[in-house]
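Observations on the model geometry
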Amino acid sequence: NIFVSDIDYVLGSGLLNDIKVSHHYPTVCFYDINSNDKESEDTADKPTVHYDYCETHIIEFNTKLTQKLSTDDFSADETGFAKFIECINNTIDECFKVSSQSLKVSKRNRIENPWITNGLINSINYKNFLYEKWRKNKTKKNGIDNSEVYEKYKKYRKKLRSLIKSAKSRFYSKKFDNCKGSSKKTWELINQLRGKDISKSKCSFLVNGDLVQNRRIIANEFNRYFASVAQDLNENALRSENLPISPIPDFSNYIGRRVNDSLFFEPCSVLEIENIIDELENGKASDIPIRVLKSCNSIINPYLKTFYNTAGQMTAYSARRHNSFSGPHVSHVNGAE
């Protein structure tokens, strides 16, 4: 096998059938190195955006979001909803975004170890300060055993280790509580703790002779394929002269008696929206982490209720409301029958 960094730049590959030195034929691969280097140069200057969703930043986010929402005035129309979403996105960037320059390659990186809070980072910095102070004052005369600074550093380091261990234990205890009832998620978390994570490789599919790795294109091609199965079968059957095809009935033949006034809408309530957000699974994909969304549940609920109830009174929903935020559109749909 020949492993490459990006399959899109493979010009061709195969076996040399004319050369057989051993039991296996030689494998060859033609790779466009220049294109890969050019892309690396183009992407080298682009800053990498990281978000740190630790507990301290979540508390800061809720505080700032409450202040901003209370001072700003949001109308119940399209403009007000766009302003509401922009306020949330700006607050997320202010509280959670971490610049790539401030990231340090360390085992205590908050991106890798989310249980390390700002308070623990301050304690770690103070421990390092004590160590540097002891190292500078250490001489051959006052060795390690006789140094008061070292004893202070030693006690502080021992206490800090205990605090970090407790914070890590509490963090994973909450993780296991969220995995209750799902053995699959529980074992994924156990394997993560054991360092047995399965690396997810980037899948690629052959679409019209081209290798595609874009997930949206792959999903659309799958949908197009399965949606056109019946149509393709019908077209193949029509080409066959020996197979009679009955005419397809009109869709109205399958519709029963029409019932007027068969459903009605009730406005959303704050409690209903709160219950829906609380029932969201933490592992679901979302632009905003579900954990952060649940933490500000009571803050954004009154505004969501106003927006969705106003949208329910309109003839058609706005495309922006439909795509920007997920929430309940109606409270109940009851049939007359």
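Here's a quick rundown of the structure. Since the model is a prediction, treat every value here as computed from it, not as a measurement.

Counting 26 residues, the largest nonpolar core has F61, L65, L69, F84, F96 and I300 as the members making the most contacts within it. Elements supplying a minimum of two residues to this core: α2 (55-71), α3 (78-96), α9 (270-278), α10 (290-295) and α11 (297-312). Take this core: its biggest share by element is eight residues, from α3. Apart from the residues lying within four places of it in its own chain, the contact partners of F61 are I88, T91, I92, C95, F96, V292 and C296. With eleven residues, the next largest nonpolar core counts W115, I124, L160 and F171 among its residues.

Here we take up a nonpolar patch on the surface. Together, F205, F222, Y225, F226, V229 and L233 make up an exposed nonpolar region whose accessible area comes to about 600 Å². Of all the elements, helix α7 (residues 215-227) adds the most residues to the nonpolar patch, at three residues. Looking at the element boundaries, F226 is found in helix α7.

Another aspect to go through is helix α5 (residues 148-178). In this model, α5 (31 residues) spans 46 Å end to end at C-alpha, consistent with the 45 Å of a helix rising 1.5 Å per residue. Residues of α5 that are buried include every one of Y150, Y153, L160, I164, A167, F171 and Y172, and no others. Of the surrounding secondary structure, the elements contacted by the buried residues of α5 are α4 (118-137) and α6 (183-193).

This part is about the side chain of N309. Within the secondary structure, N309 is located in helix α11. Residue N309 is classed as buried on the basis of its relative accessible area of 17%. Reaching out from N309, the side chain makes a polar contact with the backbone nitrogen of C268 at a distance of 2.6 Å. Leave out the neighbours within four places in its chain, and N309 touches P267 and C268.

A few words on the pattern of salt bridges. Within the structure shown, the criterion is met by five salt bridges. The residue E60 makes a salt bridge to K64 at a minimum N-O spacing of 3.3 Å. Separated by four residues within a single helix, E60 and K64 lie in helix α2, roughly one turn from each other.

Looking at the element boundaries, V10 is found in strand β1 (residues 10-15). Using a relative accessible area of 24% as the deciding quantity, one classes V10 as partly exposed. In this structure, the C-alpha to C-alpha distance between V10 and F30, residues 20 residues apart in sequence, is 6.0 Å. Contact partners of V10, with chain neighbours within four places excluded, come to V4, C29, F30 and Y31.

Further remarks concern the packing of aromatic side chains. The relation between two aromatic rings is expressed through the spacing of the ring centres and the mutual angle of the planes. Taken as a whole and assessed by the stated rule, the structure comprises 20 aromatic pairs. A ring pair is formed by Y126 and Y156, whose centres lie 5.0 Å apart and whose planes are at 70°; its orientation type is edge-to-face. Here Y156 lies in helix α5 and Y126 lies in helix α4, a separation of 30 residues in the sequence. Overall, Y126 belongs to the partly exposed group, its relative accessible area being 33%. Owing to a relative accessible area of 27%, Y156 belongs among the partly exposed residues under this scheme. Aromatic side chains Y131 and W134 sit 5.7 Å apart centroid to centroid with 50° between the ring planes, which places their arrangement in the tilted category. With Y131 and W134 both in helix α4, this residue pair falls three residues apart, about one helical turn.

Bringing the packing of α2 against α3 into the picture now. Remark: α2 packs on α3, axes separated minimally by 9 Å, with the N-to-C direction vectors making an angle of 145°. Our pair here, α2 against α3, has a crossing hand that is right-handed. In this structure, α2 contributes H57, I58, E60, F61, K64, L65, K68 and L69 to the contact, and α3 contributes F84, C87, I88, N90, T91, I92, E94, C95 and F96. Of the residues in the contact of α2 with α3, the class split is ten nonpolar, three polar and four charged.

Scoring rules and cut-offs
- Residues numbered from 1 in each chain as written.
- Predicted model: local features only at pLDDT ≥ 70, side-chain atom pairs only at ≥ 80, totals over all residues.
- Heavy atoms only, no water.
- Core = buried A, V, L, I, M, F, W, Y, C linked by side-chain atoms within 4.5 Å.
- Buried < 20%, exposed > 50% of the residue type's maximum accessible area, 1.4 Å probe, protein only.
- Helix = DSSP H or I, 4+ residues; strand = E, 2+ residues; numbered from the N terminus.
- Contact = heavy atoms within 4.5 Å.
- Patch = residues over 30% accessible without salt bridge, like charges linked within 9 Å, V, L, I, M, F, W, Y side chains within 5 Å.
- Areas by Shrake-Rupley, 256 points an atom, 1.4 Å probe, with all protein chains shown as cover.
- Salt bridge = Lys/Arg side-chain N within 4 Å of Asp/Glu carboxyl O.
- Expected span 1.5 Å × (residues − 1).
- Polar contact = N/O pair within 3.5 Å; in protein donor to acceptor, adjacent residues only side chain to side chain.
- Phe/Tyr/Trp six-rings, centres within 6.5 Å; stacked < 30°, edge-to-face > 60°.
- Axes fitted to C-alpha atoms, helices over the stretch in contact; angles between N-to-C directions.
- Left-handed = near helix turned anticlockwise from the far one by under 90°.
- Nonpolar A, V, L, I, M, F, W, Y, C, P; charged D, E, K, R; others polar.

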